[in-house]
Amino acid sequence: MIRTAFVKYVLVALVVSASIAVSAAESFKRRAGCNEGDRRCYGKDKTSPYYYRCTNGQWTLYTCGNGNTCSGNGPSTKCVSERPPPPTCQNGQRRCIGPGNPGLYYLCSEGSWKLYSCGNGYQCTQTSPLQAACTPTAPQCISGTQRCIDDGSSGSFNSCVNGQWQHKSCNPGDRCINIPGGLINSQCQPVQRQLHTTSSKAQGILSSLLQTPESKDPITSQWYGQATHKTHPELIQESETTHGIKATEYEARRQNLVRELPKGSVAILFGAPVLFVAPHVFNQYRQDSNFYYLTGWNEPDSVAIIEKSEHTSRGYTLIMFVNDKDPEKELWEGPRNGIEAAVSLFGADEARPIGEFRRYAEKLASNLSDQGPDGSLVYTDFDTDYDIQRSMHCRILKKQLRLRGLGSRVHRLTSKVQQLRLIKSPAEIELMRQASNISSLAFTKIMQTCRPGMSEAALQAVFEHACKSAPVRGTSSAGSTDQAALVRSAYVPVFASGEHALCMHYVQNSGTMKDGDLILVDAGAEFAAYASDITRTFPVNGRFSDAQRDLYSAVMSVQQQMVRLCHADSEYSLNEIQRRSTRILAEELKQIGLSASDSDISNRLYPHHIAHYLGIDVHDTMDLTRSQRLKPNMVVTIEPGIYVPYDNKFPKAFQGIGIRIEDDIVVGHTEKDIENLGSLCPKTVEDIEACMLAGDALSK
């Protein structure tokens, strides 16, 4: 009854407050104009949580948020906390908040008080004027018994010693399991994954200090900036951070990186910024590939810091600076993950609002300067290789390090991460297999749809729709096969009919397909952040002419022979496969009456490389040489081509024809281990013509 009455009181109070606010807002809007940016508190006593802000020459009502009130007037108007923290302090001091908040306390860090929680089952006890401790609130107990704290996943438990509960922790990597029986008892058992464990000595302290409270805002507390198991169980399994990739795999990636870093070094990664094509018009967001590979985090304005340390069980500490929950901004821009999710879902030991990164950068630069020339190293990427735009936070760190003359202590990070990305895990290969399957189904669809008189752009639209609607089979996530939310174009596609195919990357896709022409389509779907890259060339009318068939068969023969070299036992590199492909192509062309010099082959008829690495990026791991020998579980493309210009030194029947054939190949140990991820896509002359004939039958 008491709870029911209280709820009714709160509801009535909220309705009255809202009515007053709306009435006041309408009244105030009718007043005279104002200066842009001016603020005024609402109410005579100036203790209201509401204030006015001048927007577009008109007063608009805003709120300071829970627990805050408006103070001052005119230029001094601002929102302040109802319960201001204690004054400036010395690092390490602690103060309990008071009897009304038994589990909350202030900890002095970097000269200012910060609010922390003791956690469930604990209260704050003031042991001296400037020191406090978290003590169990549990009752007296029977000596020798113990029980897990919460669900035991943190590895913490209470053990009864001399009739009093004492807080203890399992070994790093273990969790606490309650044992059924008459007495309260539990034991520690190992688990596969832990997110926030440190050395057993420090674990109890850090588990409470590094926690961030969950947002309680009724609008956004259940929203995330990307799919999670909580919001999309049909896409993300409970053990996964992102679709198909478990949290344990992200942890292993960070561990592998840390092993390659010197002692005491720091790796700093910057999330990609949002890119705009016009004011207020932005591109679809895509995260920086290295950032995504190590965290799975898919939001802009983010920084991930991996500090190598021998004092933690993981060998490092992961700190993330991200956008915190903000109901007003999320109302316009969409949901955010928030700092809580960075810890609970993405493996961070600590998360802070992105606005605090500048202070971190200043402190890091100061510490590095104090260490002298032999101090810690910083691994990060300031450059803008390949025209990739860096975030403002990258520039903030670069400025701080430059001001202190620390350029010699900064080393390139991406090459180390790319070495890890080069060899794909089974989970990554599965995602790339699905991406290629989706693309293969879409290629089949456009072959069945293609007609003379149809525009290249219309055929592109068919491909993109087919990718979005393609069923996905054999994924690790349970539930519906509708996985359209995970599919997007891996790159701007090429739909080049007729002589347009003589241009390597013709992306205007604005022509009309003509009877008797070929169309070269270079397109691929991205599935769950992993790319496919397939190229097929087929006749617009469904039948190859004799010259087209001869030229296509020559390229096809080269591609098949080069695919068979994609295994470790061949001891080939991609550059060696390229050189071999030019020799084989010259032989194949000679057999059909097209003789060409080595210069003509390399500079005019076949001017591009036959292969590149493939993964999260279409042209993956670009910093790594193509001269290294192939290793198992690399994924590469094999894409020979022929582009015959209008030049009478070449047979007239072949002039104006462009052909490329491309597949995504998983490198094997031996030839029999090679996997063609695009094997479902029609490729031979016979398969293509049969596919297009079936499309003719379906259209009638």
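Above this text is the structure in question.
All values derive from a computational prediction rather than experimental measurement. (Residues numbered from 1 in each chain as written. Predicted model: local features only at pLDDT ≥ 70, side-chain atom pairs only at ≥ 80, totals over all residues. Heavy atoms only, no water.)

Asker: Help me understand the sheet that holds strand S28 (residues 518–523), please; the structure alone is not making it clear to me.
Answerer: Picture the strands of a sheet paired through backbone hydrogen bonds; they go either parallel or antiparallel. Pairing is antiparallel across the open sheet formed by 3 strands, whose spatial order is S27-S28-S31. Strands at the two margins of the open sheet, each flanked by one partner only, are strand S27 (494–497) and strand S31 (534–539). When the angles between neighbouring strand axes are averaged without regard to direction, this sheet yields 10°. Where S28 meets S31, 6 bridges bridge the pair, whose relative direction is antiparallel. The residue bridging Leu-520 from the neighbouring strand is Thr-537, located in S31. Sheet strands in contact with helix H10 (residues 426–449) are S27, S28 and S31, and its direction is about 15° off that of S31. Of the strands in this sheet, S27, S28 and S31 touch helix H11 (residues 456–469), which is tilted by about 140° from S27. (Pairing = 2+ DSSP bridges. Helix = DSSP H or I, 4+ residues; strand = E, 2+ residues; numbered from the N terminus. Axes fitted to C-alpha atoms, helices over the stretch in contact; angles between N-to-C directions. Contact = heavy atoms within 4.5 Å.)

Asker: Just checking my understanding: could you explain the sheet that holds strand S8 (residues 112–117) for this structure?
Answerer: Strand order in the open sheet formed by 3 strands is S6-S7-S8, with antiparallel pairing between adjacent strands. Taken across any chain shown, the strands that pair with only one partner, and hence form the sheet edges, are strand S6 (94–96) and S8. Direction aside, the axes of adjacent strands within the sheet are offset by 30° on average. Judged from the 3 bridges that link them, S6 and strand S7 (residues 104–109) form a sheet pairing that is antiparallel. Bridged to Cys-96 within S7 is Tyr-105.

Asker: Even after reading the chapter, I still don't get helix H8 (residues 392–403), so can you show me in this structure?
Answerer: Along an α-helix, residues three or four positions apart point the same way, because every turn accommodates 3.6 residues. Helix length check: H8 (12 residues) gives 17 Å between terminal C-alpha atoms against 16 Å at 1.5 Å per residue, within 8%. Tucked into the core, H8 has its buried residues touching strand S18 (266–270), strand S21 (303–308), helix H7 (357–371) and strand S25 (410–412). Positive phi appears at Gly-405, one or two residues downstream of H8, with a value of about 65°. (Expected span 1.5 Å × (residues − 1).)

Asker: Explain helix H14 (residues 598–605) here, please?
Answerer: Looking at H14, one finds that the buried residues are Asp-600, Ile-601 and Leu-605. An end-on view of H14 places all buried positions within 100° of arc, on one side of the element. Among the exposed residues of H14, those oriented more than 90 degrees off its buried face are Asp-598 and Asn-603. (Buried < 20%, exposed > 50% of the residue type's maximum accessible area, 1.4 Å probe, protein only. Arc of directions from axis to C-beta.)

Asker: In this structure, what is going on with the packing of aromatic side chains? I would like to understand it.
Answerer: Both the distance between ring centres and the angle between the ring planes are used here to describe each pair of aromatic rings. Throughout the structure, instances matching the rule amount to 9 aromatic pairs. Both rings, one in Phe-321 and one in Phe-357, keep their centres 5.5 Å apart while their planes meet at 75°; by these two values the pair is edge-to-face. A residue pair is termed long-range when its members are at least 10 positions apart, and Phe-321 in strand S22 (residues 316–322) and Phe-357 in helix H7 qualify at 36 residues. With centroids separated by 5.1 Å and ring planes inclined at 50°, the aromatic side chains of Phe-544 and Tyr-552 adopt a geometry described as tilted. The same class applies to Phe-544 and to Tyr-552, which are both buried. Joined through ring pairs, the aromatic side chains of Phe-270, Phe-321, Phe-357 and Tyr-360 make up one cluster. The ring of Tyr-250 carries Arg-253 above its face, with NZ or CZ at 4.9 Å from the centroid. (Phe/Tyr/Trp six-rings, centres within 6.5 Å; stacked < 30°, edge-to-face > 60°. Lys NZ or Arg CZ within 6 Å of the ring centre and 35° of its normal.)

Asker: Would you mind showing me how to read the pattern of salt bridges here?
Answerer: Where charged atoms of side chains with opposite charge meet at close range, the side chains can pair. Considering all chains together, one arrives at 29 salt bridges under this definition. Put simply, Arg-549 and Glu-689 hold a salt bridge, and the shortest N to O gap is 3.3 Å. Here Glu-689 lies in helix H15 (residues 685–699) and Arg-549 lies in helix H12 (residues 546–563), a separation of 140 residues in the sequence. For Arg-549, a relative accessible area of 26% puts it in the partly exposed group. A salt bridge links Asp-663 to Lys-683; its shortest N-O distance comes to 2.8 Å. Placement of Asp-663 in strand S35 (residues 663–666) and of Lys-683 in the loop between strand S36 (675–676) and H15 is noted, with a sequence separation of 20 residues between them. Lys-683 carries the same exposure label as Asp-663, and that label is buried. Residues joined in a network through salt bridges with shared partners are Arg-286, Arg-421, Lys-424, Arg-488, Glu-526, Asp-617 and Asp-620. (Salt bridge = Lys/Arg side-chain N within 4 Å of Asp/Glu carboxyl O.)

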